[in-house]
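Survey of secondary and tertiary structure
Here is what each chain is made of, one letter per residue.
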Amino acid sequence: MLVLDKVYKSFGAVSALDGLDFRAGDGRITGLLGPNGAGKTTALRILFGLLKADRGSAAIDGVDPAREPLAARQRLGIVTDQVGLYPRLTTREHLDYFGRLHGMQSAAIARATAEIVDLVGLADIIDRRTAGFSQGQRMKVALARALLHQPRNLLLDEPSRGLDVVSARALRTALQHLRARGCCIVLASHVMQEVDQLCDEAVVIAAGRSVACGSSAALCARTGTRQLEDAFIALTGIEEGIAA
Ligand SMILES: Nc1ncnc2c1ncn2[C@@H]1O[C@H](COP(=O)(O)OP(=O)(O)OP(=O)(O)O)[C@@H](O)[C@H]1O
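Residues numbered from 1 in each chain as written. Predicted model: local features only at pLDDT ≥ 70, side-chain atom pairs only at ≥ 80, totals over all residues.

**Points about the UniProt feature "domain: ABC transporter" (unreviewed entry) in the protein chain**
UniProt annotation of "domain: ABC transporter" (unreviewed entry) refers to residues 2-232 when read in the numbering used here. Across residues 2-232, helical content stands at 39% and strand content at 26%; the span's end C-alpha atoms are separated by 23 Å. (UniProt positions renumbered as here; feature names shortened; annotations may be inferred. Helix = DSSP H or I, 4+ residues; strand = E, 2+ residues; numbered from the N terminus.)

**Observations concerning the sheet that holds strand β5 (residues 76-79)**
Pairing between the strands of a sheet is mediated by backbone hydrogen bonds and can be parallel or antiparallel. Across the sheet, which stays open at both edges, the six strands sit in the order β5-β6-β7-β3-β8-β9 with mixed pairing between neighbours. Each having just a single partner strand, β5 and β9 (209-214) make up the two edges of the open sheet. Strand-to-strand, the axes of this sheet are offset by a mean angle of 15 degrees, without reference to chain direction. One ladder, built from four bridges, connects strand β3 (residues 28-33) with strand β8 (residues 201-206); its direction is parallel. In the strand pairing of β8, L33 is matched with V204. Where helix α5 (residues 135-147) meets the sheet, its contacts fall on β5 and β6 (153-157), and the angle it forms with β5 comes to roughly 170 degrees. (Pairing = 2+ DSSP bridges. Axes fitted to C-alpha atoms, helices over the stretch in contact; angles between N-to-C directions. Contact = placed C-beta atoms within 7 Å.)

**Observations concerning the domain arrangement of the protein chain**
When the domains of the protein chain are assigned, the result is domain 1 (1-75 + 152-244) and domain 2 (82-150). Taken residue by residue, the interface counts nine residues in domain 1 and eight residues in domain 2. Here the side of domain 1 that touches domain 2 gets four residues from one element, more than from any other, and that element is helix α6 (residues 165-180). When its residues are assigned to classes, the side of domain 1 that touches domain 2 shows five nonpolar, three polar and one charged. (Domains from an automatic or database assignment. Nonpolar A, V, L, I, M, F, W, Y, C, P; charged D, E, K, R; others polar.)

**So, α6**
For α6, with 16 residues, the first-to-last C-alpha span of 23 Å sits near the 22 Å given by 1.5 Å per residue. Within α6 the residues assigned to the buried category are L171, A174, L175 and L178. Take α6 and look down its axis: the buried residues cluster within an arc of 95 degrees, on one side only. Along α6, the residues that are exposed and aim more than 90 degrees away from the buried face are V165, V166 and A180. Buried positions along α6 lie against β3, α4 (106-120), α5, β6, β7 (184-188) and α7 (192-198). (Expected span 1.5 Å × (residues − 1). Buried ≥ 20, exposed ≤ 12 C-beta atoms within 10 Å, placed from the backbone. Arc of directions from axis to C-beta.)

**Describing the nonpolar core**
Within the largest apolar cluster, 66 residues are counted, with the highest numbers of intra-cluster contacts made by L47, L143, A144, L155, I185 and V204. Top contributing element to this core by residue count: α5, with seven residues. Looking at which domains feed residues into this core, each of domain 1 (1-75 + 152-244) and domain 2 (82-150) supplies at least three. In this view, L143 contacts V79, V120 and A174; residues no more than four positions away in its chain are not counted. (Core = buried A, V, L, I, M, F, W, Y, C linked by C-beta atoms within 7 Å.)

**Here we look at the confidence of the model for the protein chain**
Here the protein chain averages 91 in pLDDT, while 97% of its residues score no lower than 70. Mean pLDDT per element in the protein chain: α6 is the minimum at 88, and strand β1 (residues 2-11) is the maximum at 97. (pLDDT = per-residue confidence, 0-100.)

**With respect to the site of the ligand**
The ligand sits among F11, V14, A16, G34, N36, G37, A38, G39, K40, T41 and T42. Residue assignment for the shell around the ligand shows that the elements contributing at least two residues are β2 (14-24) and α1 (40-48). When residues of the shell around the ligand are assigned to their parent elements, the largest contribution, three residues, is made by α1. Across the shell around the ligand, the residue classes break down as four nonpolar, six polar and one charged. (Near = placed C-beta within 6 Å.)

**Structural notes on the pairing of β6**
In terms of burial, β6 is largely enclosed, as five of its five residues are buried. Taking every second residue as pointing to the same face, both faces of β6 are buried, with N153, L155 and D157 on one and L154 and L156 on the other. Sheet topology places β5 next to β6; four bridges connect them, and they run parallel. Each residue of the ladder has a partner; that of V79, found in β6, is L156. Pairing of β6 with β7, which is carried by five bridges, proceeds in the parallel orientation.

**Observations concerning unusual backbone geometry**
The backbone of E158 sits at a positive phi, close to 50 degrees, despite the residue not being glycine. Looking at the element boundaries, E158 is found in the loop between β6 and α6. Here E158 falls in the partly exposed class, since 19 other C-beta atoms lie within 10 Å of it. At A207, a residue that is not glycine, the phi angle is positive and equals roughly 50 degrees. Checked against the element boundaries, A207 lands in the loop between β8 and β9.

Set out below in structure tokens:
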């Protein structure tokens, strides 16, 4: 379970989070929706312990990432839109390297890798060097890397950006499998259709605050709209949506 409790964060004069609250449960996929600059990435970075909140608190299965960053990261996997890979290493070597950084033994890494190859659909690239990988292939390696230590919680920042239809579908299937296993998944996305199809609930964020939270149907009912995109526009008070 992931919790942000009245979190404030500013960068100089810019207020990124202005008392953001949300709670993401186990065995659920929670979408973070918000216009550009709403604070979604900042929220994910605070949960991962990359940034410290000015006020308020974060908890990953009850562990505060600001106080116990290593214990919190052990419980977390993160996939960001900046997928940094070592071009000379193969996918398998990446997984081996990151498994060791997590303190895993060779046998455990080999077992986890075999499972992830199927889950993420890596068979054709597992022994290829990552130099020249397409955006979709890079995203798959990043997802595999995030899942290797079998975290109970997964953070994804716009994971389907740049993925073709087949890769986006494979990603959705992988996330549904993880949800069925009880994983808590938080997904920041601009793709309304993806959030609609995949997420059990969405947290709508505007100007660093949570303005609404609920299933797609509940958000539509609340705003008297028929589609999540219209509900999103009504809730955030912006004139143009940014759905793909
Ligand atoms: N390191 C930083 N230095 C200065 N300002 C920052 C920094 N990180 C974020 N911000 C600002 O904080 C606000 C929230 O940014 P954030 O990246 O969290 O938004 P977002 O919802 O993820 O946006 P997008 O949908 O465009 O990715 C923005 O105004 C952004 O410019």
